[in-house]
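Residue-level listing of the chains:
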Amino acid sequence: MGGSAPRRAGHLPVETTSFVDRRGEQAAGRELLSRARLVTLTGPGGVGKTRLAARIAARAERTFPDGVRFVHLAGLREPELVPLAVADALGLHDHSAGPPADALVAHVRDRKVLLVLDNCEHLLRACARLAAALLRGTTGVRILATSRHRLGLTEENLLDVRPLPVPDPDGDLSAADGYPALALFADRAAAVVPGFALTAGNRAAVARLCRRLDGLPLAIELAAVRMRVLGVEQLLERLDDRYRLLTSGSPAALPRHRTLRAAVDWSHELCTAREQLVWARLSVPAGGFDLETAEAVCADGDLVHGADVLDAIAGLVDKSVLSREPGPDGVRYRLLDTLRHYGLETLRGTEGEELATRRRHRDWMLRRATACEQAWFGPGQREIVARLRADQDNLRAALDFSLRGAGGAAAASGPDGVFGVGAPGAASVMAAGPGAAARPACRSTASATSADPREGATPIPADALAGLRLAGTLAGPGAAARPASGSTASATSADPREGATPTPADALAGLRLAGTLWFYWHACGAPREGRYWVERALEANPEPTSERARGLWVAGLLAGCPEDLTRGLRRAEEARELARGLGDAAEAAHAEYVIGVIRLFADDLCAALAHFEAGVARGPVPGQHLSLVGLDQVELACALGFLGHADRAVEVCEKTLRLCEEHGEEWVRSYALRMLALAHTVKQDWPRAERYAREALRLKLAVNDLIGLALTMDLTARIATERSAHERAAVLLGGADRAWAAVDQGRWGSEALNSLRRDTESRAGRVLGSTAFTAAYDRGAALTLPELVGHALQEPGLPDVTPPAPDRPQVRLTPREAQVAELVAEGLANQQIADRLVIARRTAEGHVERILNKLGFNTRTQIATWVTAQR
């Protein structure tokens, strides 16, 4: 369902089903974006806001030289995580101690970027605050939001996304094929009934069905799946039955809400009892999930066993309740947000069911994180990074449940919930026990088909189902016919954590999970989010435990700015003393590493040298993570290099490399290679220094180690100046500064690091002159990290970042084209160019296309670089 699968953080979703029409809304959305900086697509659940936003953003991508970033908010429940999710999409791995919104504004202040904030309705205030900060603190950022409710800012322009138009079933249907609602039904029906098409014989019935479904895309897609076993007329008849029941149950509900409720209720009833239970339990994982996660969350050893889950998932995929999407380890699954809310409402109708499911989910995420940590010092680091990034929303959900409660901010879209009809009437279907078939909402629809759709499924014993004590069962006969009443009716308007309150044991598990992920927070570019969870976990767990000792040193490790280093040092020292008192030598050794590295970056080089010499001489202690054993050696080499003891530094690094090679490890290896580059820089062996630096960059890019990339880029730029490649050094320095802007612009206040940068800038600037240096520096600052690393590696097939040579034949632009090129260089979008020159937007687009063709370029950034070089 849903038709698109999220890509890695920040990228537009990949469409997995065809996109039907919406040409008018696409054009209106692009037009609004050309003149407004905040556009919100509003409309009911299931109307297709996310697909439309992705389409609009994809079409507008060329007008944003710094890219389009898609931020998935459906899996978030904490308002504090909104700026962190946006930072993640933008590739900002900020270590500063200030408000995250300030860091975001600073990061994009000079950029032309489109942010798509998807599913804002449950985090309206947080989204509105962040949008206001970005709009008022930048000039080139535009925001495209999707929400069931407006954000409420004065800058906001609204685009109402309406259901698809449907022709009059009793009118002239000769041109009915042109109606998108009918086209959508035909497309989805053909996927389950090969050869299905709109014909003169079925157009009226399809039009009547789509009109009954109010043209809602989600409702149409759910109904089309029933074509496996029903004809169009049968579909319409069964839907009318369901619609009449729902209308009698809640006359106050809006018609579109009733329509969507009817469609989802019907899909729910056609599931087997086990599929319904699995649907409900799968509402707990946030975002996507793989089969192992589904088995861990759904299997309780009683009603559902591990072997049952795959069959249930297959059934839910067949019924389009679950969507199937590619993942780093194979297939993943996703519940569309509307269907997830429905499942969660159902889950909350069972006493204790949500709490038990959330604990199974948390425990599984802890087991997965523990396995990843144990395997981290080994050959599978790239796969571990991809797996944890795919599970990021699940990690957040598990941590949030453990540390404060299940869910987060209100999960409902408003006082009427997702559907506007209270709790699902189908809640009692899950486990109503004997006699349930006599109740209207729970009756089987098997009579609609030639065979029972549940045939062949292993039934859940009726007495076990009755034992679940669902609200529908307790309410007595007829309860399911009153969907607005019953104990779950307030589930969407109440605190979503209600009924799933964690205990101190849950809080301790949350601290354990946050601490276990130290390598992910630190190595994979998520330091600020790591600090957020670790600090929350420490606050919830003041007792002296090994878990607290670990949390303390992890908090110290994630300190990343001068103001925070002192506090980080105190945290690490507290961790060391606590671990020693508990007799936990491994956590004490981990804390020792953090103490030493903070001293190193605080420029206390002699103390850092003595500290790491003692640690390396002591050797590893039982339980110490091998990554930190290796990093002890790396930091010893760093201190030796900064103090001029190059030969000893090389000796230590070679020992570290042997340890890494024995285990097939890459992350610590990349730091050892950087230290070898530093040591050979001290020795003035520039060819070796450059070779080691390049190898380090390649490995760091593979695991997205932004800090390591920034450190190594500084060193690579210095080496380039020593090899008289001054223009290349300026390009690399521009890229390094941009990378540091996402970490800490001041390089943690370290004199050793800042002096290296100043020396490179001074020497390259003297040789090139101010104008040429600035032009090369700006070209580097405009590159993406992969492009920048590629430039540093000097590998073929990479973007050309060198300006045209002076003797290159000049490209002749017409006066108007030259004028347009200058405006592109200023960062203006096509509509702004059209407004400035008082021409049609289509004319401006044509000029830009001709400029790109004449210059042989692919992006507006290349035009801007070319214009700068001509001045």
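In this text, all values refer to a predicted model and were calculated from it rather than measured experimentally.

A tally of regular secondary structure across the chain gives 39 helices and ten strands. Each of the 871 residues in the chain was classed as buried or not, and the buried ones make up 60%. Residue pairs in contact within the chain that sit at least 24 positions apart in sequence constitute 74% of those at least 6 positions apart.

Further remarks concern the nonpolar core. The biggest cluster of nonpolar side chains holds 135 residues, and the ones touching the most others in it are Ile143, Trp521 and Trp553. Looking at this core element by element, the count peaks at ten residues for helix H29 (residues 667-682). When neighbours within four sequence positions are excluded, Trp521 is seen to be in contact with Leu399, Ala514, Ala526, Pro527, Glu529, Gly530, Trp533, Val534, Val554 and Leu558. Among the nonpolar cores identified, the runner-up in size contains 79 residues, and Leu114, Leu144, Val206 and Leu260 belong to it.

Attention shifts here to the sheet that holds strand E7 (residues 156-160). One open sheet accounts for five strands, arranged E4-E5-E6-E3-E7; its pairing is parallel. Of all the strands in the sheet, the pair left with one neighbour each is strand E4 (68-72) and E7. Strand-to-strand twist of the sheet, defined as the mean angle between neighbouring strand axes without regard to direction, takes the value 20 degrees.

Following the criterion strictly, the structure yields twelve aromatic pairs and no others. For the pair Trp518 and Phe519, a centre-to-centre distance of 6.0 Å together with 80 degrees between the ring planes defines the contact as edge-to-face. Grouping residues by exposure puts Trp518 and Phe519 together as buried. Through pairs of rings, three or more aromatic residues link up here, namely Trp376, Trp518, Phe519, Trp553, Trp667 and Tyr671. Just above the ring of Tyr692 sits the side chain of Arg691; from NZ or CZ to the centre is 5.2 Å.

In space, the three strands of this open sheet follow the order E8-E10-E9, with antiparallel pairing throughout. Edge strands, defined here as strands with exactly one partner in the open sheet, are strand E8 (289-290) and strand E9 (322-327). Strand direction decides the pairing type here: E9 and strand E10 (residues 330-335), joined by six bridges, are antiparallel. In the strand pairing of E10, Arg324 is matched with Tyr333.

Conventions and cut-offs
Along each chain, numbering runs from 1 in the same order as the chain's sequence is written. Local features are withheld for residues below a pLDDT of 70 in this predicted model, meaning they are given only at 70 or higher, and side-chain atom pairs are given and counted only at 80 or more; totals for whole chains, interfaces and linings count all residues. Each side-chain value is derived from all of the structure's non-hydrogen atoms; neither hydrogens nor water enter the calculation. Numbering goes from the N terminus for both helices and strands, where a helix is a DSSP run of H or I of at least four residues and a strand is a run of E of at least two. A 1.4 Å probe rolled over the protein chains alone gives each residue an accessible area, and that area as a share of the maximum for its type sets the label: buried under 20%, exposed over 50%, partly exposed in between. Note on contacts: a residue pair qualifies if any of its non-hydrogen atoms lie within 4.5 Å across the two residues. Throughout this description, the term nonpolar core refers to a set of buried Ala, Val, Leu, Ile, Met, Phe, Trp, Tyr and Cys residues connected via side-chain atoms within 4.5 Å. Two strands qualify as a pair provided that DSSP identifies no fewer than 2 bridges between them. Axes, fitted as lines to C-alpha atoms, cover a helix only where it is in contact. Angles between the N-to-C directions of the axes lie from 0 to 180 degrees. Paired rings are identified among Phe, Tyr and Trp, the last through its six-membered ring, by centres lying within 6.5 Å, and are further divided according to the angle between planes into stacked (under 30 degrees), edge-to-face (over 60) and tilted (the rest). For a ring to carry a charge above it, either NZ of a lysine or CZ of an arginine must fall within 6 Å of the ring centroid while also lying within 35 degrees of the normal to the ring plane.

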